[in-house]
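# Chain and residue survey
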Amino acid sequence: MERPPLTILLAAPRGFCAGVDRAIQIVEKALETYGAPVYVRHEIVHNRFVVESLEAKGAVFVDELDEVPDDAPVVFSAHGVPKSVPEEAKRRAMLYLDATCPLVSKVHREAERHHAAGRHIILIGHAGHPEVVGTMGQLPPGAVTLVETRAEAESVQPADTHNLAHITQTTLSVDDTADIITVLQRRFPEIQGPKREDICYATTNRQQAIKAIAAQCDAVLVLGAPNSSNSVRLVEVAKSAGCPRALLVQRAEEIDWRWLEGVGKLGVSAGASAPETLVEEVIAACRERFTVTIEETVVSREDVHFKLPRALSA
Ligand code: 0CH
Ligand code: SF4
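Our subject in this report is the structure included herewith. (Residues numbered from 1 in each chain as written. Chains lettered and ligands numbered in written order. Predicted model: local features only at pLDDT ≥ 70, side-chain atom pairs only at ≥ 80, totals over all residues. Heavy atoms only, no water.)

### Digging into the pairing of strand 7 (residues 144–147)
A regular strand places its side chains so that they alternate between the two faces of the sheet. Where we set the bar: Strand pairing follows a simple DSSP-based rule, namely that at least 2 bridges must link the two strands. Comment: elements are numbered from the N terminus, with helices defined as DSSP H or I runs of at least four residues and strands as E runs of at least two. The definition of a right-handed crossover adopted here requires that, viewed with the strands pointing away, the path from the first strand over the helix to the second runs clockwise.
Summarising the sheet, strand 6 (residues 120–124) and strand 7 pair through 4 bridges and their orientation is parallel. Across the sheet, the residue bridging to Ile 121 is Val 144, located in strand 7. In this fold, the crossover linking strand 6 to strand 7 by way of helix 5 (residues 130–136) has right-handed handedness.

Shown next, in the form of structure tokens:
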């Protein structure tokens with residue numbers, strides 16, 4: 001039987017960012033340097049495939065530091081940790097490596113700077129996400145108010161409306177966040193913001209790339225995990241940019257092929273924590289069922305690299 005034609009529009013940039021690359025390398029180098037087991041607090045990045053590959057090399061993933069023996073090396077995930085976590089590790093004289101992305105650390109320092117200048121901080125982000133927990137945990141309780149939505153930006157009532165600053169999670173929707181900031185600026189004209197956006201280059205570029213292809217696609221697949229904020233945002237952006245049939249999948253085996261019936265143009269992207277092998281796997285699975293043509297739309301080139309911690313860089 002002849003295979004129907006399918007054009008795959010690949011969004012670029014997609015997949016791993018510099019912070020994810022660095023975080024994974026930290027775990028791999030720690031395993032080489034110290035030997036297994038190396039403990040990792042929280043999923044190093046939100047991707048099961050990455051986590052399982054590292055587990056196979058001897059990494060042990062835990063939720064909290066109290067699950068790690070005092071004498072074993074431990075890595076903190078790319079999303080960042082509250083100050084109490086490295087403090088506890090120091091108190092127990094543990095060997096720890098911090099894989100927090102430098103762009104998340106930059107937001108932590110911004111929060112500290114505003115706090116030192118006497119400003120109350122409004123953090124735009126999602127409750128319970130580890131990056132939000134880590135950023136709020138840079139400062140004492142009560143120093144930061146979380147705002148999740150435009151409606152909350154309309155209703156939030158800070159005690160001193162003259163001394164405010166806003167910061168954000170790095171992996172939010174660029175457009176939704178701009179809307180929230182507009183509301184805050186209207187209500188609190190003196191509110192201070194970051195010199196450069198807190199939403200990182202990788203989040204911004206991946207959203208721009210999916211926006212560039214969405215309207216031409218009959219369907220869009222985003223490779224990524226349901227707990228990956230930046231990946232879930234890509235699905236939302238694809239929908240709002242003109243492709244209502246957009247779906248998050250973790251691997252090719254999850255695809256219900258009936259969903260692709262009648263699709264001539266399929267957009268494909270991947271969140272910052274999804275390895276390119278997963279994209280290749282989806283393309284290979286499509287080739288088994290369709291006559292595939294690949295077209296890549298490149299909206300920007302990335303050449304960002306972050307150094308490893310000194311203990312591992314030799
Ligand atoms: O998008 P989130 O923050 O949920 O995290 P991820 O999927 O692990 O991607 C890497 C970003 C890590 C911190 O910005
Ligand atoms: Fe860093 Fe952005 Fe990647 Fe998060 S998504 S790890 S902030 S580069």
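### What about the sheet that holds strand 11 (residues 265–270)?
What counts is decided by this rule: Working convention: axes come from line fits to C-alpha atoms, limited for helices to the stretch in contact. Angles between N-to-C directions cover 0 to 180 degrees. Note on contacts: a residue pair qualifies if any of its non-hydrogen atoms lie within 4.5 Å across the two residues.
Read across the sheet, 5 strands follow the order 10-9-11-1-12 without closing on themselves; strand pairing throughout is parallel. Whereas interior strands pair on both sides, the edge strands pair on one side only; in this sheet they are strand 10 (246–249) and strand 12 (291–298). Geometrically, the sheet is characterised by an average inter-axis angle of 25° between neighbouring strands, direction not taken into account. Strand direction decides the pairing type here: strand 1 (residues 5–12) and strand 11, joined by 4 bridges, are parallel. In the strand pairing of strand 11, Ile 8 is matched with Leu 266. On top of the sheet, helix 9 (residues 229–240) reaches strand 9 (219–223), strand 10 and strand 11; it is set at about 165° to strand 10, its chief contact. Relative to strand 1, helix 10 (residues 276–287) is tilted by about 170°, and along the sheet it contacts strand 1, strand 9, strand 11 and strand 12.

### Quick look at unusual backbone geometry
Only a minority of non-glycine residues have a phi that is not negative, and only a minority of peptide bonds are not trans. Threshold: The buried label applies to any residue whose accessible area, calculated with a 1.4 Å probe on protein chains only, is under 20% of its type's maximum; exposed applies above 50%, and partly exposed to all values in between.
With an omega of 0°, the peptide bond running from Ala 12 to Pro 13 counts as cis. Along the polypeptide, Pro 13 turns up in the loop between strand 1 and helix 1 (18–34). For the bond from Ala 36 to Pro 37, the omega torsion is 0°, close enough to zero to count as cis. With respect to the helices, strands and loops of the structure, Pro 37 is situated in the loop between helix 1 and strand 2 (38–41). Phi angles above zero are rare outside glycine, and His 42 is one such case at about 75°. Its location among the elements puts His 42 in the loop between strand 2 and helix 2 (48–57). The class of His 42 is partly exposed, set by a relative accessible area of 23%.

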